[in-house]
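Observations on chain architecture
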Amino acid sequence: MTGTHREACPYCGWPDRAEPFQVVSRHGTAAGHTVWTRCACGSLQVRAVDAGGMRVLSRSGRG
């Protein structure tokens, strides 16, 4: 699933604004950070963190 605008994981309900269950990697960008995280249910997420806050850009199915 890409370009999601949900407030929580569609598979388990873990809130997107909560601390990620597991940070897989973090990479600096010109605007902030790209953070790859794993949800409690195993879904891999790509998060953008910048001056505007945090947003989930993409998430995989359950792991």
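Here is a short report on the structure shown in this document.

What counts and how
- Per chain, the residues get numbers from 1 upward, laid out in the order the sequence is written.
- With the structure being a predicted model, the display of local features is reserved for residues of pLDDT at least 70 and the display and counting of side-chain atom pairs for 80 or more, all residues being used for whole-chain, interface and lining totals.
- Side-chain numbers come from the whole structure's heavy atoms, not from hydrogens or water.
- Pairing between two strands is assigned when DSSP locates at least 2 bridges connecting them.
- Numbering of helices and strands runs from the N terminus; a helix is a DSSP stretch of H or I covering at least four residues, while a strand is a stretch of E covering at least two.
- Only centres within 6.5 Å qualify two rings of Phe, Tyr or Trp (six-membered ring in Trp) as a pair; their planes then separate them into stacked at under 30 degrees, edge-to-face at over 60, and tilted for everything else.
- Think of it in three bands: with a 1.4 Å probe and only protein chains considered, a residue is buried below 20% of the maximum accessible area for its type, exposed above 50%, and partly exposed in between.
- Fitted lines through C-alpha atoms give the axes, limited to the stretch in contact for helices. The angle between two N-to-C directions lies from 0 to 180 degrees.
- Salt bridges are counted wherever a side-chain nitrogen of Lys or Arg sits within 4 Å of a carboxyl oxygen of Asp or Glu.

Here strand 2 (residues 32–38) pairs with strand 3 (residues 44–50) via seven bridges, running antiparallel. Paired with His-33 across the strands is Val-49, a residue of strand 3. Where strand 2 folds back onto strand 3 in an antiparallel hairpin, the turn is made up of five residues, including Gly-42, whose phi is positive at roughly 105°. Here strand 3 runs beside strand 4 (residues 53–59); their pairing, made up of six bridges, is antiparallel.

Let us look at the packing of aromatic side chains. According to the stated counting rule, one finds one aromatic pair in the structure shown. Judged by centre distance (5.7 Å) and plane angle (85°), the rings of Trp-14 and Phe-21 are edge-to-face. According to the relative accessible area criterion, Trp-14 is partly exposed, its value standing at 28%. Overall, the relative accessible area of 52% leaves Phe-21 in the exposed class.

In space, the four strands of this open sheet follow the order 1-2-3-4, with antiparallel pairing throughout. Each edge of the sheet is formed by a strand with only one pairing partner; in this case those strands are strand 1 (22–28) and strand 4. Here the average twist between neighbouring strands, direction ignored, is 25°. Two strands pair when backbone bridges link them, and strand 1 and strand 2 are joined in this way by six bridges, in the antiparallel orientation. Among the inter-strand pairings, Gly-28 is bridged to a residue of strand 2, identified as His-33.

A few words on the pattern of salt bridges. The tally for this structure, following the rule as stated, stands at two salt bridges. A salt bridge links Asp-16 to Arg-59; its shortest N-O distance comes to 3.0 Å. Here Arg-59 lies in strand 4 and Asp-16 lies in the segment before strand 1, a separation of 43 residues in the sequence. Taking the relative accessible area as the measure of exposure, Asp-16 reaches 4% and is therefore buried. The closest approach of N and O atoms between Asp-50 and Arg-55, which form a salt bridge, is 3.2 Å.

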